[in-house]
Structures are given as structure tokens and as C-alpha cells.
Amino acid sequence: MHSSKSLSILVVGAGHCGGRTVQALRELGWQGGIDLVGEEPGLPYERPPLSKEVLSGTKIPEALDLMGQDAWQALDLRRHHARVTAVDTQAQSATLSDGSILHYSSLLFANGGSPRRLDIPGADLPGVLALRTRADAARLAPQLAPGKRLAIIGGGFIGLEVAASARKLGCAVSLVEGGPQLMGRAVPKLLAERALALHIVRGVDMHLGVSPLRITQGEAGLEVELSSGVTLQADAVLIGIGIQAGTDVAQAAGIAVARGILVDRRLRTNVPNVYAAGDVAEFPSHLSGALLRQETWQNAESQARVAAQNLMGGSVEFAASSWFWSDQYDYQLQVSGEPAAASQTIVREQEDGDVLVFYADGVNKLVGACGWGLTSRIAKDLKLARTLVERGVIATAAVLADPATKLKSLLR
Ligand SMILES: Cc1cc2nc3c(=O)[nH]c(=O)nc-3n(C[C@H](O)[C@H](O)[C@H](O)COP(=O)(O)OP(=O)(O)OC[C@H]3O[C@@H](n4cnc5c(N)ncnc54)[C@H](O)[C@@H]3O)c2cc1C
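Please read these numbers as outputs of a predicted model, since none were measured by experiment.

**Some words on the sheet that holds strand S6 (residues 101-103)**
Strand pairing in a sheet is mediated by backbone hydrogen bonds. Such pairs are either parallel or antiparallel. Judged by pairing direction, the sheet is antiparallel, and its three strands sit side by side in the order S4-S5-S6 without closing on themselves. Looking along the sheet, the strands with just one partner apiece sit at the ends: strand S4 (84-88) and S6. The mean inter-strand angle of the sheet, taken between neighbouring strand axes irrespective of direction, is 25 degrees. As paired strands, strand S5 (residues 93-96) and S6 are joined by three bridges and run antiparallel to one another. When the sheet's bridge partners are listed, Ser93 is paired in S6 with His103.

The structure is reproduced here in C-alpha cells:
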């Protein structure tokens with residue numbers, strides 16, 4: 001481990017992963033300098049509640065901070081409210097948008113990504129919004145009042161969570177998804193269909209398999225013209241079509257990028273002393289070796305810990321099992337492990353339409369699981385399914401598919 005107090009670690013991005021990394025650095029005993037660079041105001045924070053509790057009005061944005069003020073002050077770091085615009089990997093320095101230059105002994109890219117833009121006429125009109133930051137949520141929130149009309153482009157997690165929050169508040173919602181099912185390839189068709197049915201019951205006007213052609217400002221608000229010939233009327237339009245990983249600064253510095261910044265199992269890029277973690281990093285799965293880029297809370301949390309150790313000179317491999325959740329109304333979806341690495345899919349129908357899907361390899365070892373159901377009813381089983389996957393439990397399809405099998409009994 002490096003020990004010199006003159007060494008300095010530079011973290012690019014003061015979001016979830018960057019915030020957790022600087023916290024872990026001090027917890028792990030790093031005594032050198034820390035520079036944390038990022039434009040967003042306030043303390044680093046968690047984003048998941050933005051589309052859920054913050055929009056629904058049950059949590060204030062400040063409650064999302066990763067830590068309290070005292071803990072933040074105790075980190076004793078240099079916080080730069082700016083962007084990193086260039087990195088010189090030979091000189092081991094970074095240029096900031098305010099013109100300053102910082103030197104580093106090791107650097108972490110934890111700069112996430114930005115919402116993908118919709119490439120159609122009118123996508124830049126006022127009232128066409130995205131949701132990534134607290135500032136975005138503050139712009140969107142007033143549009144979710146009763147009597148208002150929201151059109152959502154994109155049937156992924158963010159679009160669906162906002163749809164649920166908006167319906168809870170009495171806002172009229174229409175949602176447009178270009179693909180044949182909601183939530184794309186991230187969840188099996190069976191679960192996507194249950195989610196679709198729920199959104200329809202809760203009053204969302206769903207348009208699947210159609211694309212938006214243009215957005216115009218009409219007399220009574222925004223108009224979204226669809227490929228189906230339908231025109232949606234809305235007071236605001238939310239674009240939720242995924243994010244573009246922030247690879248440009250790294251790429252310009254000669255660091256290898258693909259869908260994200262490419263790293264190995266130790267989160268190292270192809271350039272010495274430069275690492276990447278969180279949404280921006282594309283890393284090899286410890287399970288299958290497949291290159292993954294994950295946009296999940298758990299990935300930001302667990303990669304931050306590994307990155308911190310390696311930034312300090314450690315040699316730790318990232319091997320955490322993947323996991324994410326999405327809350328829509330009083331329902332929850334979870335996906336854990338790596339379903340794509342499976343050769344068997346096992347469906348377990350539970351009470352009142354709740355469903356779990358298990359994924360196993362050729363020797364009946366669990367490599368993934370997902371589930372959907374009423375949160376209060378299915379939460380325990382979702383947690384158990386995740387633990388079964390993390391432990392790589394071996395179980396036959398017949399046992400897993402039987403709702404009478406107590407999942408807890410498989411842990412032994
Ligand atoms: C609305 C919403 C809901 C979500 N819900 C869930 C959920 O239910 N479950 C789940 O698992 N995950 C969810 N996520 C995903 C989760 O929040 C992200 O995976 C996580 O925030 C990633 O952390 P990160 O630090 O990699 O990126 P971010 O949190 O995006 O942080 C990156 C930071 O880097 C800054 N930055 C960018 N470029 C530069 C630069 N050049 N120089 C300096 N700084 C820069 C950005 O301003 C930003 O502050 C949600 C995300 C959103 C937006």
C-alpha cells in the first residue's frame with residue numbers, strides 16, 4: 001500500500017460512486033490528499049429515490065445525501081465544483097473547467113453518464129425533460145400535479161417509476177416504448193407483461209412498439225406525434241431512454257473505452273494508476289467473463305470499495321454479484337446475478353400473480369434470479385432468491401418451480 005502523505009488521489013465525479021470511494025479511502029486509512037471533482041451542488045447523494053420518493057413527495061432531496069455534514073467534513077478532502085476536461089496520463093495531471101490543474105498519484109473515473117438525448121425535432125423544447133439529478137427532479141416535480149398531463153418516452157425503469165409516481169399524484173400519464181415489451185432485455189417477457197398490466201390498471205395510457213416522430217409546441221401544450229399516427233397532448237415530456245456513459249475525457253486521454261471505460265477485474269484501465277468504477281465502467285463479470293456495464297446502486301456501492309483499496313495500492317478483484325431493484329406503485333422488481341449466463345430458466349408462480357424466475361447453469365447451480373410482485377408480499381422471497389444466487393446454491397428445476405418449497409430451506 002502507498003503510505004506517503006504527499007501522494008494524492010483524484011476522484012472524477014462527486015456522485016454515488018465517487019462519494020462512497022472517498023469515504024472508503026479514509027475508512028481504510030488513506031492519509032494522503034484527496035481531490036473530489038464534480039459540478040453538482042451539495043454533498044454526493046443516492047439517485048434511486050429521485051424517481052420514487054422524491055417525485056411522490058415522501059422524501060426531501062437533502063435526505064439522499066450519502067452522509068451527514070460532520071462525516072463529510074471529517075473526510076478532510078479538497079472538493080472542486082467543476083468538471084474534469086482533460087487528463088494527461090504521462091504527467092499524471094487533470095485539467096478542470098475552472099482552469100486549475102491537479103496532480104495525482106492515482107485517479108478514478110467515477111463520472112457516471114448523462115441521459116441519452118432523443119434525436120427527433122422538438123426534443124430540445126422547454127418542457128421536454130430528463131431525470132438524472134436533484135435539479136432534474138426539481139424541474140419535473142411541479143409537472144406531476146393532478147390535472148397535468150405527462151408523456152413519457154421510454155419504458156425502462158426510470159420511465160416506469162416516474163409513471164407510477166405521477167399516477168399516484170393524479171397526473172395523467174401516457175408512455176411510449178419503441179420495443180415490443182417494457183424494460184427491454186433486462187427482465188424476462190413474463191415479468192414485463194405483469195408490469196404492463198399493472199400500469200394499465202393504474203391508468204397509464206401505454207403505446208408499445210411505436211416511436212415518437214416529433215414534438216411540437218401546440219396551443220394547449222406539447223404535442224408528441226407517434227409513428228402509429230396518434231398524437232399525444234402533454235404539459236411536459238420526460239425522456240427516459242437510458243444513459244450515455246461519460247467516456248469522452250478518458251478516450252481523449254488515450255484510455256481504452258467501448259460502451260464504458262474498459263477496466264479489468266481490479267478496475268484498472270489500460271493506463272497505469274487510472275481506474276474506473278460505477279456506471280461509467282465496463283468490467284469483466286467474475287462469473288462469465290462477459291463485459292458488463294451496470295447502472296445500479298449496488299454496483300456503485302461495491303465497486304467504490306474495491307476502487308478505494310486499489311487506488312491506495314491494493315490489488316483487490318471485484319467479484320460482487322449483481323443486483324438491482326425497481327419500485328413501481330406498491331410493487332417491486334428485482335434482478336440478481338447474471339441471467340444471461342444461464343442455460344436453464346425456471347418459473348415459480350406464487351400468490352396472486354407474484355412470480356420468481358430462477359436461472360441456472362448446466363449443473364443446476366443458480367446464476368441469477370428475478371421477481372415481481374406486491375412489495376409487502378414478495379420482499380422476503382426476493383431477498384432469499386438473491387441470497388441463493390450469491391451463494392451459488394444447487395437446486396433442481398422441479399424444487400425451485402414448486403411454490404410449496406420454502407426458499408429458506410434451500411440455504412442450508
Ligand atoms: C432517477 C434514478 C433512479 C434510479 N433508481 C435505481 C434503482 O431503483 N435501483 C438501482 O439499482 N439503481 C438505480 N439508479 C441507478 C443509480 O443511481 C446509479 O447506478 C448510480 O447513481 C451510479 O453512480 P455513479 O457514481 O457511477 O454515477 P453518478 O451517480 O451519475 O455520478 C457521476 C457524477 O460525475 C459527475 N461528472 C460527470 N462528468 C464529469 C466530469 N467530466 N468531471 C467531473 N465530474 C463529472 C456527474 O455530474 C455526477 O455527479 C437510478 C438512477 C436514477 C437517475
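Resuming the write-up.
**Brief notes about the nonpolar core**
Counting 55 residues, the largest nonpolar core has Val87 and Phe109 as its most contacted members. No other element matches helix H8 (residues 297-311), which puts six residues into this core. Sequence-distant contacts of Val87, that is, excluding residues within four places in its chain, are made with Ser93, Ala94, Tyr104, Leu107, Phe109, Val249 and Ala253. Core analysis: the second largest hydrophobic core is formed by 43 residues, Ile152, Val187, Met206 and Val355 among them.

**Quick word on the pattern of salt bridges**
Evaluated as defined, the whole model comprises 20 salt bridges. Measuring nitrogen to oxygen at the nearest pair gives 3.1 Å for the salt bridge that ties Arg149 to Asp235. Linking Arg149 in strand S10 (residues 149-153) with Asp235 in the loop between strand S15 (231-234) and strand S16 (236-239), this pair joins segments that are 86 residues apart in sequence. Among the salt bridges present, the one from Arg377 reaches Asp354, with a minimum N-O distance of 2.7 Å. A residue pair is termed long-range when its members are at least 10 positions apart, and Arg377 in helix H9 (residues 375-390) and Asp354 in the loop between strand S24 (344-349) and strand S25 (355-360) qualify at 23 residues. In this structure Arg377 comes out as partly exposed when scored by relative accessible area, which is 25%. One salt-bridge network, held together by shared partners, links Asp352, Asp354 and Arg377.

The rules behind these values
- Residues numbered from 1 in each chain as written.
- Predicted model: local features only at pLDDT ≥ 70, side-chain atom pairs only at ≥ 80, totals over all residues.
- Heavy atoms only, no water.
- Pairing = 2+ DSSP bridges.
- Helix = DSSP H or I, 4+ residues; strand = E, 2+ residues; numbered from the N terminus.
- Axes fitted to C-alpha atoms, helices over the stretch in contact; angles between N-to-C directions.
- Core = buried A, V, L, I, M, F, W, Y, C linked by side-chain atoms within 4.5 Å.
- Buried < 20%, exposed > 50% of the residue type's maximum accessible area, 1.4 Å probe, protein only.
- Contact = heavy atoms within 4.5 Å.
- Salt bridge = Lys/Arg side-chain N within 4 Å of Asp/Glu carboxyl O.

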